[in-house]
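For reference, the chains in residue letters:
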Amino acid sequence: MIISKEEYLNNLLDSFCKYEEKLNILSNKAYPSDIVKKFIEKDLKMIIVKFEEIVHKDLKSNNVHFSEKTILVNYIWDKGPLQNIAKAVANTDFKSHPLEIMNVFRDLIKDIEKNDFEILTIPREEMNFSFSEIWFKLKIFLEKELNMSGFTVNKKFIKLTFPKNQKNNLLLSGIFFHEIGHYLVEENNLTDKTFQNIDFSSDDFLSLKKCIYVYNGNQLGQVALINIFKASYLTNWIKELLSDILAVYTVGPAFIFSMFNLVINSTNINNFQNDNLINNCSVSHPRFSFRFNLMSKALKELEIYKELPELLKNKIKTYLDAYANNNQQPNRSGDIRIYNINYRIQESEFLFQQLEKIISDLIPDMLAESERLLGESNIINKDKLNQAEKLAEQRIKEVIPPNELDNTAAEPIAIINSGWYAKLLCKSSLKKRVGKIDGKNGDYDLNLLINNLMKYSLRTSRIQRRWQV
Amino acid sequence: MLMDYSQKQENSLFDLSLSLTFNKIIKSLTKEKDSKDKNYELTIKFFEVILDFCNKQFSELNNDFSGADAFSIFTSALNNMDIKVETIDDVLEEAEKYHSYLISFKAEEPLEPEKIEELIKLLEEINSQLNLKLESNQMNSWGY
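Residues numbered from 1 in each chain as written. Chains lettered and ligands numbered in written order. Predicted model: local features only at pLDDT ≥ 70, side-chain atom pairs only at ≥ 80, totals over all residues.

### A closer look at the overall build of chain B
- On a plain count of helices and strands, chain B comes out with five helices and one strand.
- Listed by position from the N terminus, the elements making up chain B come as α-α-α-α-α-β.
- Buried residues in chain B amount to 40% of all 144 residues.
- Once local pairs closer than 6 in sequence are excluded, the contacts in chain B between residues at least 24 apart make up 54%. (Helix = DSSP H or I, 4+ residues; strand = E, 2+ residues; numbered from the N terminus. Buried ≥ 20, exposed ≤ 12 C-beta atoms within 10 Å, placed from the backbone. Contact = placed C-beta atoms within 7 Å.)

Put into structure tokens, the structure is as follows:
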């Protein structure tokens, strides 16, 4: 062997020592919550010391083979969950986190999961929102496989990343609700539950065979087809659509308008001039036409679509129509390896339509599951939406923060929606009223004003709610 | 939007845990180790989620396991053993068979040597599929 066992283990030990060194530096940072400091000093430290012990013991043994524990420790290290946690802690920036919206997420998740958790916020340069749990599964694994015990942190650590530049943009906060949707879908295994409800014997599903070429003369039966579309398209699309439904169910139209805003961001100038909104799907995401249709269906299911002011209904309809008439996309083909069998998938309009048809049959179940998961109190309803409209009309339009109505604290979801209502319905009134919003900076000053009013309101209404109870 | 990959890393820890469990039970079946050192429960659950998946049921087991994942791993293992499963009913039949072997084994009821051999072969194949899954990046070479 070119590399001896001793060399390999020494190299591993070196990495562990560097990690320990990093933990020492991280433990000297200031954190608003003691739990993070304790987590670094006790739990992470305990893990890396245990890893060092295991490797050191193996180093001293005369056995030419690695011990089972060393193999395990090496695997965990290679997969990087520990490094991922340290990176999250190191990049956490409590000073610049979007405090106001974070409290809304915190309350929402606490109410759904009934468990305590910690949120680590990480600002990023790129346009990237994400929301994921980084500790709990690792802890369970270490307890089971390495018999470790005595961890001090027995709650989830949720990593939340957001684009630095959008920190104060509550108008885009709808996107976060989609990301929270991903988190809830993952934690509750909702994709699996939905996927298994597909009618795998239906003509629609079996017709997907036409789009697959099997290498090496292997059979393409129902089972192979299930495995192929579990690994690509269907499960990914189900995940995205469930997250969309959860976002619409929690924050309603504010999510849809945040999405429209992202569409503007991602449309290049040539496509804009030709009214050519990109409507491509991929292995990971369904088409916007399908997603927007589902979002509007979800609004209708909640019976809040009809409550929207005409102008907003028209805006949604315009986007829906624009995408409905745009189904042009280059068809790709690609290889997929399911364990040890190779297949080639040929994309076509036929494939996309069949996939959309299959998922359409699942939508009633997906809507019902989302409703059950969130619980009535976390679902947007007519009252919250009517409140949003009043907050926009009676407060924001008059440049008053939308924190309360009739001496009662406003609902956070109503506040978030009131921002969009004001932006889309009260723009000219606000311009007249506030001299600074003269259009020299486009919508920048208007957005800034609305966001500041919303941020103030989310903070103060939370305090007011505590007093009301 | 963009998904974070930490979730994938953590799911692979579960796959590893499953693989280690299979190793233990294989050793137990081959009497390499004391039969007390085995984890029947997780292995039995593995077959139960496959049965649930085929029967379109969703039970509490699914909080730990993905039925679709287990289905996929199991069918690939069967394929490697040259056992052809074309339909869900075929898979159901095979899963029920191995599930009953394991239940008997757990209850320390005598299992015929051929059945033990069959079970070991399957668990080994499942384990190699799990290892492939742990190592592989399934999508590749996409292009227009």
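We are not done yet, so read on.
### Re the overall build of chain A
- Looking only at helices and strands, chain A has 21 helices and eight strands in total.
- Projected onto its principal axes, the C-alpha positions of chain A cover 80 × 60 × 40 Å.

### Some points on the sheet that holds strand 1 (residues 117-124) of chain A
Residues and elements named next belong to chain A.
- Spatial strand order, 1-3-2: three strands in an open sheet with mixed pairing. If you trace the sheet from one side to the other, it starts and ends with strand 1 and strand 2 (130-133), each paired once. Going across the sheet, the axis of each strand differs from the next one's by a mean of 20 degrees, ignoring polarity.
- Alignment of strand 2 against strand 3 (residues 156-163), held across four bridges, turns out to be antiparallel. Counterpart to E133 in the pairing with strand 3 is I158. (Pairing = 2+ DSSP bridges. Axes fitted to C-alpha atoms, helices over the stretch in contact; angles between N-to-C directions.)

### Some points on the packing of helix 19 (residues 412-425) of chain A against helix 21 (residues 444-468) of chain A
Residue and element names in this part refer to chain A.
- Look at helix 19 against helix 21: their axes get within 10 Å of each other, and the N-to-C directions meet at 165 degrees. Considered as vectors, helix 19 and helix 21 are oriented roughly antiparallel to each other. The crossing of helix 19 and helix 21 is right-handed. Contacts between helix 19 and helix 21 pair P412, I415, I416, G419, A422 and K423 from the former with L446, I450, M454, S457, L458 and S461 from the latter.
- Taken together, the residues of the contact of helix 19 with helix 21 break down into eight nonpolar, three polar and one charged. (Parallel < 35°, antiparallel > 145°, perpendicular 65-115°, else oblique. Left-handed = near helix turned anticlockwise from the far one by under 90°. Nonpolar A, V, L, I, M, F, W, Y, C, P; charged D, E, K, R; others polar.)

### A word on the environment of I25 of chain A
Residue and element names in this part refer to chain A.
- By secondary structure assignment, the location of I25 is in helix 1 (residues 5-27).
- Given 11 C-beta atoms within 10 Å, I25 falls into the exposed group.
- Placed 105 residues apart in sequence, I25 and S130 show a C-alpha to C-alpha distance of 26 Å.

### Examining the interface of chain B and chain A
- Tallying the contact residues gives 41 residues for chain B and 47 residues for chain A.
- Of all elements in the fold, only helix 1 (6-29), helix 3 (67-80), helix 4 (88-106), helix 5 (113-135) and strand 1 (139-143) of chain B reach the threshold of two or more residues within the side of chain B that touches chain A.
- Residue contributions to the side of chain B that touches chain A peak at ten residues, all from helix 1 of chain B.
- Within the side of chain B that touches chain A, the residues separate by chemical class into 18 nonpolar, 18 polar and five charged.

### Quick notes on the nonpolar core
- In this structure, I245 and V248 of chain A together with I50, A70 and F74 of chain B are the most contacted members of the largest nonpolar core, which totals 154 residues.
- Looking at this core, the element that brings in the most residues is helix 11 (residues 234-251) of chain A, giving eleven residues.
- Setting aside its immediate chain neighbours within four residues, F74 of chain B contacts I50, A95 and I126 of chain B. (Core = buried A, V, L, I, M, F, W, Y, C linked by C-beta atoms within 7 Å.)

### Quick look at the packing of helix 7 (residues 174-187) of chain A against helix 11 of chain A
All names here are of chain A.
- At a closest axis distance of 7 Å, the pairing of helix 7 and helix 11 adopts a crossing angle of 125 degrees. Between helix 7 and helix 11, the crossing angle belongs to the class labelled oblique. Handedness of the crossing formed by helix 7 with helix 11: right-handed. The residues of helix 11 that touch helix 7, namely those facing G174, F177, H178, G181, H182, L184 and V185, are K239, L242, S243, D244, L246, A247, T250 and V251.
- For the contact of helix 7 with helix 11, the class distribution of residues is seven nonpolar, six polar and two charged.

### Thoughts on the confidence of the model for chain A
- Per-residue confidence for chain A averages 90 on the pLDDT scale, and 98% of its residues sit at or above 70.
- No element of chain A has a lower mean pLDDT than helix 13 (residues 269-273) of chain A, at 68, and none a higher one than helix 17 (residues 363-374) of chain A, at 97. (pLDDT = per-residue confidence, 0-100.)

### Section: unusual backbone geometry
- Here V399 of chain A, not a glycine, exhibits a phi torsion of approximately 60 degrees, which is positive.
- Of note in this structure, K56 of chain B is not a glycine but carries a positive phi near 55 degrees.

### Focus on the domain arrangement of chain A
Residues and elements named next belong to chain A.
- The domain architecture assigned to chain A consists of domain 1 (5-167), domain 2 (190-378) and domain 3 (382-468).
- Each side of the interface is counted separately: domain 1 has four residues, and domain 3 has five residues.
- Split into classes, the residues belonging to the side of domain 1 that touches domain 3 amount to two nonpolar, one polar and one charged. (Domains from an automatic or database assignment.)

### Some words on helix 4 (residues 81-91) of chain A
- Those residues of helix 4 of chain A that sit buried are P81, L82, N84, I85, A88 and V89 of chain A. Mapping the buried residues of helix 4 of chain A onto a view down its axis gives an arc of 160 degrees, with all of them on the same face. (Arc of directions from axis to C-beta.)

### A few points about the confidence of the model for chain B
Residue and element names in this part refer to chain B.
- Looking at chain B as a whole, its pLDDT mean stands at 79, while 80% of the residues score no less than 70.
- The spread of mean pLDDT over the elements of chain B runs between strand 1, the lowest at 35, and helix 4, the highest at 93.
- Throughout residues 1-7 the model reports pLDDT below 50, and contacts reaching past four residues in sequence, or to other chains, amount to 17 contacts.
- When the criterion is pLDDT under 50, residues 137-144 qualifies, and its contacts beyond four places in sequence or with other chains add up to 15 contacts.
- Taken together, the chains of this predicted complex give a pTM of 0.90 and an interface ipTM of 0.84.

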